[in-house]
Each structure stands twice: as C-alpha cells, then as structure tokens.
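Structure at a glance
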Amino acid sequence: MKKALLPLVLLASAAVYFVQAADNAPKPLRVLLVGGGCCHEYDKQTMSLKEGIEARLNAVVDVAYNPDKSTKATFEIYKSKDWAKDFDVIIHDECSADVTDPAYVANILNAHKAGVPAVNLHCAMHSYRWGNFREAVKPGADNAGWYEMLGLQSTGHGPQEPIDITFTAKDHPITQGLENWTTIKEELYNNIQILGGTPLASGKQLAMPKVKKGEKPNPDAKPTESNAVVAWTNEFGPNKTRIFSTTVGHNTATVQDERYMKLITRALLWTTGKLTPDGKAAEGFAK
C-alpha cells in the first residue's frame, strides 16, 4: 500500500514545485506600440513589430493603431491623463508631423517624465513639431519638449539609398557584439543638434545629385556622402527615464530584418532594466 502511495506523493510534490516556479516566473513586459500616420506601411509594420517582439521576448505587445495616413494622425489613448499606467515601456512609431497641440504633446511627455521608458522609431523623430523647428530649438522652449525627450533633433532626410551602419558604442549593452551592416534603401535622417543623447551608431549614405525632370544626368557627377547618428540613448526628465531612439525603419523589409529586430528588442530590455551589461536578456525575459 505504501508503495502505491509513493508515486502519488511524488506527483503532488512535482505539481507544487511547478506551481511555485510559475508564481516566481517574471511577468511579461507590457509594451504599448503606437503606430500610424503619414508615409509608411504602419498596418504591416505594427504587426511585424508585435510578432517579432513577442517571438523573442517574454512580452505582451498591445497595439494602438490609427489608419489615418495624414500628418495629423492622433491617438485616442493619449487623451487620457494616465494613458501609460498599464505599460512598462512605450514604442513610439507614429508619423504625426503636423500635430501641434502643446497640451496633447505635453500629456504624452508627462508619462515619460514620470518614469515610463520609450523606444522611438524612425518618423517619431519628425513628429509633434511646430514653430521654427527647422532651426536648432532652445532647450526649455515651447517647441523643444519632444526633441528633449528624444535627445536629438532631426528635421529632414535625404533620398532612399542604402545606409552603412556602424556601431560606435561597442561596449554599450544594447550594441555589444552587434555587427555593422548595410541596409536596403532607407532614409538617412539629419542631425540638427544633440540634446543630451548618447550616440550608439552612425550611418553613412552615398547619393547621386538630383536630376531635374527633362534633364539628363551628368556623366561626370559623383555621389555625395552624408553622415548622421542613427541610434542613441537618452535620460529624460527628473527621473532620468531611459529612452532609446533610432531613425532607421522606413521600409517594412527593414523592420522585419533580424538585425533590426535584435536592436529593437535589446533596446526594450535596456529601457526597462532587463538587459545585462553584456547584452543578454535578464533571466526569464528571453525566448
């Protein structure tokens, strides 16, 4: 009789162990991905990001998508004062260049000032801008808040041509061990000024001079070289909230690239304090 009971005791002990292990397992990162607006395949890119992140990390990605393809796309979630309370990190992937309501933008920024991290992608750098934004904004000015959160001010980009990406901060946890790469045709965003950001990667792009309609290309023309910071970190506000930004990511094929996804997932882990100094996910956060 005792022998018959032994397997039941072992099964019960194993069940208790697995329940305890499940209780002690890290909860998934709660990620809010905001996407939509002008000029990009946000319907495809938001899904690629969500699927790519959830396949690689212990994370749940909620998507706030607006199909509005204008430069005035807004997002209902931002209208709530405590819009970010349920999330560990926000991915800003919107392209809302002509959304200029200071109160609306301030409500977004207040969440980050209070300590909610952000990962900013591509056209987020060209959103929420007004006034003389093509010139270097003055820190603390009415139109400087979004740039101060980003840590760098950009106002435009060149043609779509491949970008040679070089990781310049080789010892940073986000970029440690990552190999330099050349993108498909992408947009190289300019750098007007750095506002506290710490560069992680630079981009070099060669482009031939523009040819006016009806004119023939100059056979002796040579490409011009442009260089800019394409990935960086920042600490924002009184809580020194961790912020990561990259200007790369115009095309869906780039967003789906394994090298891009590795950069973004590491950034998510770093901003939330889940990345070890050697660039590895903290225990329980990698898949």
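Residues numbered from 1 in each chain as written. Predicted model: local features only at pLDDT ≥ 70, side-chain atom pairs only at ≥ 80, totals over all residues. Heavy atoms only, no water.

**Topic: the packing of aromatic side chains**
Counted by the stated rule, this structure contains five aromatic pairs. Residues F75 and Y78 carry aromatic rings whose centres are separated by 5.8 Å and whose planes lie at 70° to one another, so their mutual orientation is edge-to-face. Judged by centre distance (6.2 Å) and plane angle (55°), the ring pair of Y104 and Y128 falls under tilted. Here Y104, found in helix α3 (residues 102-113), pairs with Y128, found in the loop between β4 (118-121) and α4 (145-150); they are 24 residues apart in sequence, far enough to count as distant. An identical accessibility class is assigned to Y104 and Y128; each is buried. Aromatic rings pair up to connect F75, Y78, W83, Y104, Y128 and W146 into one cluster. (Phe/Tyr/Trp six-rings, centres within 6.5 Å; stacked < 30°, edge-to-face > 60°. Helix = DSSP H or I, 4+ residues; strand = E, 2+ residues; numbered from the N terminus. Buried < 20%, exposed > 50% of the residue type's maximum accessible area, 1.4 Å probe, protein only.)

**Brief notes about the packing of helix α2 (residues 42-56) against helix α6 (residues 258-271)**
Two elements in contact, α2 and α6, have axes separated by 10 Å at closest approach and are oriented at 70°. Relative to α6, the element α2 lies roughly perpendicular. As α2 runs across α6, the sense of the crossing is right-handed. For the pair α2 and α6, the contacting residues are L49, G52, I53 and R56 in the first and E258, M261, T265 and L268 in the second. (Axes fitted to C-alpha atoms, helices over the stretch in contact; angles between N-to-C directions. Parallel < 35°, antiparallel > 145°, perpendicular 65-115°, else oblique. Left-handed = near helix turned anticlockwise from the far one by under 90°. Contact = heavy atoms within 4.5 Å.)

**Examining the state of the cysteines**
Evaluated as defined, the whole model comprises two disulfides. For C38, the disulfide goes to C39, at an S-S distance of 1.8 Å. Look at C39 and you get exposed, because its relative accessible area is 51%. Shown here is the disulfide that connects C95 with C123, its sulfur atoms set 2.0 Å apart. Taken as a pair, C95 in strand β3 (residues 89-95) and C123 in the loop between β4 and α4 lie far apart in primary sequence, 28 residues in all. A relative accessible area of 3% places C95 in the buried class. What makes C123 buried here is its relative accessible area of 5%. Disulfide connectivity for the chain, with bonded cysteines indexed by sequence position, reads 1-2, 3-4. (Disulfide = S-S within 2.5 Å.)

**Here we look at the sheet that holds β3**
Pairing in this open sheet of nine strands is mixed, and the strands run β2-β1-β3-β4-β11-β10-β9-β6-β7 from one edge to the other. At either margin of the open sheet sits one strand with a lone partner, and together these are β2 (59-66) and β7 (181-189). Pairwise comparison of adjacent strand axes, ignoring direction, gives a mean angle of 25° for this sheet. Bridging between strand β10 (residues 224-236) and strand β11 (residues 241-246) involves six bridges; their strand directions are antiparallel. Across the sheet, F236 pairs through a bridge with T241, a residue of β11. The sheet strands contacting α2 are β1 (29-37), β2, β3 and β4, and the helix crosses β2 at an angle near 175°. (Pairing = 2+ DSSP bridges.)

**Focus: empty space enclosed by the protein**
For the structure on display, the rule yields two cavities of 30 Å³ or more. Roughly 40 Å³ of internal volume is contained in the largest cavity. Taken together, I165, W181, A201, V230, A231, T246, V248, Y260 and L263 form the lining of the largest cavity. Where the lining of the largest cavity is concerned, the elements lending two or more residues are β10 and α6. Estimated volume of the second largest cavity: approximately 30 Å³. Lining of the second largest cavity is provided by G36, G37, H40, Y42, D43, Y65, N66, P67, D68 and K69. Looking at the lining of the second largest cavity, the elements that each hand over two or more residues are β1, α2 and β2. Counted by class, the lining of the second largest cavity contains three nonpolar, four polar and three charged residues. (1 Å grid on protein atoms, 1.4 Å probe; cavity = no way out; pocket = protein on both sides within 12 Å on 5 of 7 lines; lining within 4 Å. Points joined across faces, edges and corners; volume = space filled by probe spheres on them. Nonpolar A, V, L, I, M, F, W, Y, C, P; charged D, E, K, R; others polar.)

**Side note on the pattern of salt bridges**
Counted according to the given criterion, the structure contains seven salt bridges. Across the pair E54 and K50 runs a salt bridge, and its minimum N-O distance is 2.8 Å. In this pair, E54 and K50 are both assigned in helix α2, four residues apart and thus about one turn of the helix distant. (Salt bridge = Lys/Arg side-chain N within 4 Å of Asp/Glu carboxyl O.)

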